[in-house]
Amino acid sequence: MEPVFASLFGDVFFRAPDGFWWLDLLEGSLSHPWATADALRADLDSSKGQDHYLTGGLAMGADRRGIVLEAGQVYCFNAPPILGGAINLDNIGVLDFVVALSVAGQLHEQVRKMPPGTPVTGFSIADDTSR
């Protein structure tokens, strides 16, 4: 797979021989929603697709609140939803794109290994600069 672009929330869209894939940082999932570029374009041209795949409404709301991204930054949730954080404007912050990908991946991996219903009392983030 080859990365093509990322959303303002750091979700990554990939091109592969079998179509286009979507890495959803909120859910911690990789899916294959589109077989062609036209199908991807049609979804992202719709308001439903923009909200679902680009988190468009929240991104526009964050911008209206003055939460402005600089080069290499994406919106994030200060308290990650996977840990119970709200998906709303009051919970939006800004992170470096690479840091956001790393943190989301580590959180989803840690939570994925926990039995359902396990209370989360803390978490740790590794320094990925050694890789």
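Whatever comes next refers back to the structure up there.
These numbers come from a predicted model, not from an experiment. (Residues numbered from 1 in each chain as written. Predicted model: local features only at pLDDT ≥ 70, side-chain atom pairs only at ≥ 80, totals over all residues. Heavy atoms only, no water.)

### A few points about the packing of aromatic side chains
Here comes step 1: Under the defined criterion, the tally for this structure stands at six aromatic pairs.
Here comes step 2: Both rings, one in F9 and one in Y75, keep their centres 5.5 Å apart while their planes meet at 45°; by these two values the pair is tilted. Placement of F9 in the loop between β1 (2–6) and β2 (12–16) and of Y75 in strand β5 (residues 73–77) is noted, with a sequence separation of 66 residues between them. In this structure, F9 and Y75 share a single accessibility class: buried. (Phe/Tyr/Trp six-rings, centres within 6.5 Å; stacked < 30°, edge-to-face > 60°. Helix = DSSP H or I, 4+ residues; strand = E, 2+ residues; numbered from the N terminus. Buried < 20%, exposed > 50% of the residue type's maximum accessible area, 1.4 Å probe, protein only.)

### Some remarks on the sheet that holds strand β4 (residues 29–34)
Here comes step 1: The strand order across the open sheet formed by four strands is β1-β2-β3-β4, and the pairing between neighbours is antiparallel. Because the sheet does not close on itself, it has two edges, and the strands there are β1 and β4. Ignoring which end each strand starts from, the neighbouring axes of this sheet average 30° apart.
Here comes step 2: Inspection of the sheet shows β1 paired to β2 by four bridges, in the antiparallel sense. Residue pairing for β2: E2 is matched across the bridge by R15. (Pairing = 2+ DSSP bridges. Axes fitted to C-alpha atoms, helices over the stretch in contact; angles between N-to-C directions.)

### A few points about the environment of V98
Here comes step 1: Summarising the element assignment, V98 is placed in helix α4 (residues 97–112).
Here comes step 2: Separated by 26 residues in sequence, V98 and G72 place their C-alpha atoms 8.1 Å apart.

### Here we look at unusual backbone geometry
Here comes step 1: Of note in this structure, T55 is not a glycine but carries a positive phi near 50°.
Here comes step 2: Summarising the element assignment, T55 is placed in the loop between α2 (47–54) and α3 (56–64).
Here comes step 3: Looking at T55, the relative accessible area reads 18%, which means it is buried.

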